[in-house]
Structure formats: C-alpha cells, structure tokens
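Summary of structural features
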Amino acid sequence: MRNFVEGQLQNVAESELSSLGTDFIISSAQRLAELLFPYLSPVPSNLADPLWPQQQYVAANPSIVDTAIDFKNLEPGSVEEMVADLLSSADNMLGNVVDDETHPNGEDLGINGIVRQFLLEDDGSLWIPIGELPFFDPVLFEGHDKVSETKITIVG
C-alpha cells in the first residue's frame, strides 16, 4: 500500500511541477503586456511599410521609373546590354567546364580552378591564420579569484 501511495503522490507532484514553469511564464508575459500597454502607440505607416522610402523617392522623382534598367528588353548598344553581356561572360567563365591539369579528370568548373590557384595551398587546404584576423580574440577564458588566475587561449 505504501508503494502505491508514494507512486500516486509522485505522479501528482510531477504533473503539478511540470506545468508550474509554463504557467509562470505565461502569467508573467500577460502581466508585462498589461503594464506596457499604456505606453505603446500605433506604428506610423511610414515605419510599418518597408517600401515606404522607395515609394516616396519614386513619387518625388517620377522620371526615375523611365530610367530603370529592364533586363528583359535591352536596347542594342545600351549600357544595360553591356552590363548583361558582362554578367553573361562572368557566368560562362566561372560556370563552364574548362581544361584543368590540376584536377584528376583533367577538367573542372572555372570557379574551382580560380579558387585552387589563388586561395588554396598545394595540398588543397585553405590556411587562415585566425590569430591575425581583426575580429578574433584568441582568449577563450580568463578568470581570476583569490587563489589563482586562469587564462585559456588558442595558440598556433
């Protein structure tokens, strides 16, 4: 009988404690919303619409619509046609299969050859000295207490 009662009490305690955290968070969020509601104001339309600055610019400069680039209807000899030709040439140079003596098959994509030639080492690895990167801090942990001082860094 004792085991049965202990089991039932354990089940009740577990179910109550498991919902306690969820109930606390929900009630706290609701209370916070009630406290902040008087201070909230409606968002103006110019801040709510991400295209508002563009629409205002076009409204102030209606001729900009006539000078926008239409890549579907390019006029021969225009700057737009030259830009399209440049993009097409870059796509062909980087995306087509070219002869490559460094690749086992003897050919590879153009972009892969450029990456191997200018970025990778002879063994195909990419060596980045992370200690020289401006945003990298080699100190992983630094702590000081009454007895000791600890500093963990990345070296190499």
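Residues numbered from 1 in each chain as written. Predicted model: local features only at pLDDT ≥ 70, side-chain atom pairs only at ≥ 80, totals over all residues. Heavy atoms only, no water.

Now for the overall build of the chain. Of regular secondary structure, the chain possesses 6 helices and 4 strands. In the chain, the order of α-helices and β-strands from amino to carboxyl end is α-α-α-α-α-β-β-α-β-β. For the chain, whose C-alpha radius of gyration is 32 Å, the value lies well above the compact-globule estimate of 15 Å for 156 residues. The C-alpha extent of the chain, read off along each of the three principal axes, is 90 × 55 × 45 Å. Among the 156 residues that make up the chain, the fraction classed as buried is 3%. Considering only residue pairs separated by 6 or more positions, the chain has 2% of its internal contacts joining residues 24 or more positions apart. Element-wise, carbon and sulfur atoms account for 61% of the exposed surface of the chain, whose accessible area totals about 14,000 Å². With 6 positive and 26 negative side-chain charges, the chain shows a separation of 20 Å between the mean positions of the two kinds. (Helix = DSSP H or I, 4+ residues; strand = E, 2+ residues; numbered from the N terminus. Rg over C-alpha atoms; globule rule 2.2 N^0.38 Å. Buried < 20%, exposed > 50% of the residue type's maximum accessible area, 1.4 Å probe, protein only. Contact = heavy atoms within 4.5 Å. Areas by Shrake-Rupley, 256 points an atom, 1.4 Å probe, with all protein chains shown as cover. Lys, Arg positive; Asp, Glu negative; His and termini not counted. Charge placed at Lys NZ, Arg CZ, Asp CG, Glu CD.)

Turning our attention to the side chain of Asp108. Mapping Asp108 onto the fold places it in strand 2 (residues 107-109). Side chain to side chain, Asp108 and Arg116 meet in a polar contact 3.1 Å long. (Polar contact = N/O pair within 3.5 Å; in protein donor to acceptor, adjacent residues only side chain to side chain.)

Note that Asp100 resides in the loop between strand 1 (97-99) and strand 2. You can call Asp100 buried: its relative accessible area is 9%. Asp100 has contacts with Gly106, Glu107, Asp108, Gly113 and Arg116, leaving out every residue within four places of it along the chain.

The pLDDT averaged across the chain works out to 81; a share of 91% of its residues lies at or above 70. Taken element by element, the chain is modelled with least confidence in helix 4 (residues 64-67), mean pLDDT 70, and with most confidence in strand 2, mean pLDDT 88. (pLDDT = per-residue confidence, 0-100.)

Relative to strand 4 (residues 149-153), strand 3 (residues 139-144) runs antiparallel, the two sharing 5 bridges. Along strand 4, the bridge assignment pairs Val139 with Thr153. What sits between strand 3 and strand 4 in their antiparallel hairpin is a turn of 4 residues. (Pairing = 2+ DSSP bridges.)

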